[in-house]
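Each chain is listed here by its residues.
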Amino acid sequence: MVSQIFKDAKINLSFLGFGPEIDSEPPITDVVVALDRMLENLSKKKKKILVALDEAVSNQFVREFASQFQIFIRKDYNVFLLMTGLYDKIYELQNKQTLTFLYCAPKFETQPLNSILIEKQYQKTFKIDEKEAREMAKLVQGYPYAYQVLGYLCYKKQQSYKVVIDEFDAYLMEYVYEKIWHELSEQDRAVLQSMADSEHGKVEEIRALLKMESAKFSVYRDRLIKKGLVRSKSRGYLEFTLPRFDIFIRRMTY
């Protein structure tokens, strides 16, 4: 057991609030020192330690943690890090001068949920026909949160998805879209607003509404793509990746 490893190594963690007090060994009062000794002894026993960090952001606490984690790696401890977060947050974090080791870490970009699997699951759960299930799958656009919310509302109301659209929009707005919107720059919002106003999502049409040159527009387009808000499925066209995000934008700006 892990506790026995610490006990045999005479690591006194009682001051930090866990583990028994060990006679003749002063308690460790520094968290970093405690972690270092724990990881050292676990690694000697061939134990592997996985640290999971969800919704990583570039704040003081995460930067300090990542900096210390880098030291543990250099000491060749059997420690591994699984970090999740939005593209721009991870990008900002790894660009800190002392944390460039994150560039070397393998990165996996999540993709939208499979629309066929969503369709089949809706059809099975709600005992609806293929056409309605396909319409529901198309509505959520592979976005996991939207998939969950729409299913939850239909189950709660025991009604067709068409009946819960307004409540569906309210959930997306309150819990996701408002936060995304307020974190965007003024120019990012202007580009998205012009996309929402454009008839076909054609780049030339969006640029015309913005009165923006191609080179400048490309900067914002690429940035919004990296943020996961828009995508280009065909050359010269842009579309929103988030379901009914264009409707949310119109409500915010008019």
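Preceding this paragraph is the structure being described.
What this report covers is the structure whose coordinates are included nearby. Position numbers for residues count from 1 along each chain, tracking the sequence in the order it is written. Local features are withheld for residues below a pLDDT of 70 in this predicted model, meaning they are given only at 70 or higher, and side-chain atom pairs are given and counted only at 80 or more; totals for whole chains, interfaces and linings count all residues. With hydrogens and water excluded, all non-hydrogen atoms of the structure serve as input to the side-chain values.

**Here we look at the pattern of salt bridges**
Opposite charge on two side chains permits them to pair, given that their charged atoms come into close proximity.
1) Next: By convention in these notes, a salt bridge is any Lys or Arg side-chain nitrogen within 4 Å of a carboxyl oxygen on Asp or Glu. One pass over the structure, following the stated rule, counts 14 salt bridges.
2) Next: Between Glu167 and Lys157 there is a salt bridge; the shortest N-O distance is 3.5 Å. Separated by 10 residues along the polypeptide, Glu167 in helix H8 (residues 165–183) and Lys157 in helix H7 (residues 144–157) bring together distant segments of the chain.
3) Next: In this structure, Asp222 and Arg221 form a salt bridge, with 3.3 Å as the shortest nitrogen-oxygen distance.
4) Next: Relative accessibility decides the category of a residue: with a 1.4 Å probe and only protein chains considered, values under 20% of the type maximum give buried, values over 50% give exposed, and everything between is partly exposed. A residue is classified by how much of its surface remains accessible, and Asp222, at 36% relative accessible area, is partly exposed.
5) Next: Here Arg221 falls in the partly exposed class, since its relative accessible area comes to 24%.
6) Next: Among the ionic contacts, a cluster of salt bridges with common partners joins Lys89, Lys179 and Glu183. Runs of E in the DSSP output that reach at least two residues are strands. Runs of H or I that reach at least four are helices, and both are numbered from the N terminus.

**Points about the packing of aromatic side chains**
The way to describe two aromatic rings as a pair is by their centre distance and the angle between their planes.
1) Next: Side-chain rings of Phe, Tyr and Trp (the six-membered ring for Trp) are treated as a pair once their centres are within 6.5 Å; stacked means planes under 30 degrees apart, edge-to-face means over 60, and tilted covers the remaining angles. One pass over the structure, following the stated rule, counts 11 aromatic pairs.
2) Next: Here Tyr152 and Tyr171 contribute two aromatic rings whose centre-to-centre distance is 6.3 Å and whose plane-to-plane angle is 65°, an arrangement assigned as edge-to-face. With Tyr152 in helix H7 and Tyr171 in helix H8, this pair connects stretches of sequence that are 19 residues apart.
3) Next: By relative accessible area, Tyr152 is classed as partly exposed at 42%.
4) Next: Plain terms: the ring middles of Tyr171 and Tyr175 are 5.7 Å apart, the flat faces sit at 40° to each other, and that makes the pair tilted. In this pair, Tyr171 and Tyr175 are both assigned in helix H8, 4 residues apart and thus about one turn of the helix distant.
5) Next: The exposure class of Tyr175 is exposed, given its relative accessible area of 52%.

**Observations regarding helix H2 (residues 31–44)**
1) Next: What a helix is expected to span follows from its residue count: subtract one and scale by 1.5 Å. In this model H2 runs 20 Å from its N-terminal to its C-terminal C-alpha over 14 residues, within 8% of the 20 Å that 1.5 Å per residue would give.
2) Next: Where H2 is concerned, the buried positions are Ala34, Asp36, Met38, Leu39, Asn41, Leu42 and Ser43.
3) Next: Remark: Lys46 follows H2 within two positions and exhibits a positive phi of approximately 65°.

**Quick notes on the pairing of strand S1 (residues 49–53)**
1) Next: Pairing geometry for S1 and strand S2 (residues 79–83), over 5 bridges, is parallel. Bridge assignment links Leu50 to a residue of S2, and that residue is Phe80.
2) Next: Look down the strands so they point away from you; if the path from the first strand over the helix to the second goes clockwise, the crossover is right-handed. Assessed by its sense of winding, the connection that carries the chain from S1 through helix H3 (residues 60–74) to S2 is right-handed. Two strands are said to pair when DSSP picks up at least two bridges between them.

**Concerning the packing of helix H9 (residues 186–197) against helix H11 (residues 214–226)**
How two helices pack is summed up by the angle between their axes together with the distance between the axes.
1) Next: What counts as an axis is a line fitted to C-alpha atoms, over the stretch in contact for a helix, and the angles between N-to-C directions run from 0 to 180 degrees. It is at 10 Å that the axes of H9 and H11 come closest, and there the two elements cross at 90°. Overall, the two elements H9 and H11 adopt an arrangement that is roughly perpendicular. Contacts between H9 and H11 involve Gln187, Asp188, Val191 and Leu192 on the former and, on the latter, Phe217, Tyr220, Arg223 and Leu224.
2) Next: Just so you know the grouping, Ala, Val, Leu, Ile, Met, Phe, Trp, Tyr, Cys and Pro go in nonpolar, Asp, Glu, Lys and Arg go in charged, and all remaining residues, Gly too, go in polar. Of the residues belonging to the contact of H9 with H11, the class tally is 5 nonpolar, 1 polar and 2 charged. Here roughly perpendicular refers to angles of 65 to 115 degrees, roughly parallel to angles under 35, roughly antiparallel to angles over 145, and oblique to all remaining angles. Two residues qualify as a contact provided that any one of their heavy atoms is within 4.5 Å of a heavy atom in the partner residue.

**A closer look at a nonpolar patch on the surface**
1) Next: Patch membership requires over 30% relative accessible area and the absence of a salt bridge. Like charges are linked within 9 Å, and nonpolar side chains (Val, Leu, Ile, Met, Phe, Trp, Tyr) within 5 Å. To measure how exposed things are, a 1.4 Å probe is used in the Shrake-Rupley method; for residues, cover is taken only from the protein chains shown. Taken together, the side chains of Leu50, Phe80 and Leu82 define a hydrophobic patch exposed on the protein surface, amounting to about 320 Å² of accessible area.
2) Next: Looking at where Phe80 falls in the secondary structure, it is placed in strand S2.
3) Next: Taking the relative accessible area as the measure of exposure, Phe80 reaches 43% and is therefore partly exposed.

**Side note on the nonpolar core**
1) Next: Here, nonpolar core means buried Ala, Val, Leu, Ile, Met, Phe, Trp, Tyr and Cys residues that are tied together by side-chain atoms lying within 4.5 Å of each other. Leu150, Phe168, Leu192, Phe217, Phe240, Phe245 and Ile249 are the most contacted members of the largest nonpolar core, which has 41 residues in total.
2) Next: Sorting the residues of this core by element identifies helix H5 (115–126), helix H6 (130–140), H7, H8, H9, helix H10 (203–210), H11 and helix H12 (245–253) as the ones contributing at least two each.
3) Next: Per-element tally for this core: the top contributor is H8, with 6 residues.
4) Next: Residues within four places of Phe245 in sequence aside, it is in contact with Tyr177, Ile180, Trp181, Leu192 and Phe240.
5) Next: In this structure, Leu39, Ile49, Tyr77 and Val79 belong to the second largest nonpolar core, which totals 8 residues.

**A closer look at the packing of H7 against H8**
1) Next: Contact pair H7 / H8: the axes reach a minimum separation of 10 Å and the direction vectors enclose 140°. What the angle tells us is that H7 and H8 run oblique. The handedness of the crossing between H7 and H8 comes out as right-handed. Residues Tyr145, Ala146, Val149, Leu150, Tyr152, Leu153, Lys156 and Lys157 of H7 lie in contact with H8, whose contacting residues are Glu167, Phe168, Tyr171, Leu172, Tyr175 and Val176. The sense of a crossing depends on the near helix, which, turned anticlockwise from the far helix by less than a right angle, makes the crossing left-handed and, turned clockwise, makes it right-handed.

**Observations concerning the environment of Ile116**
1) Next: On the secondary structure map, Ile116 appears in helix H5.
2) Next: Between the C-alpha atom of Ile116 and that of Ala137, which follows or precedes it by 21 residues, the distance is 7.6 Å.

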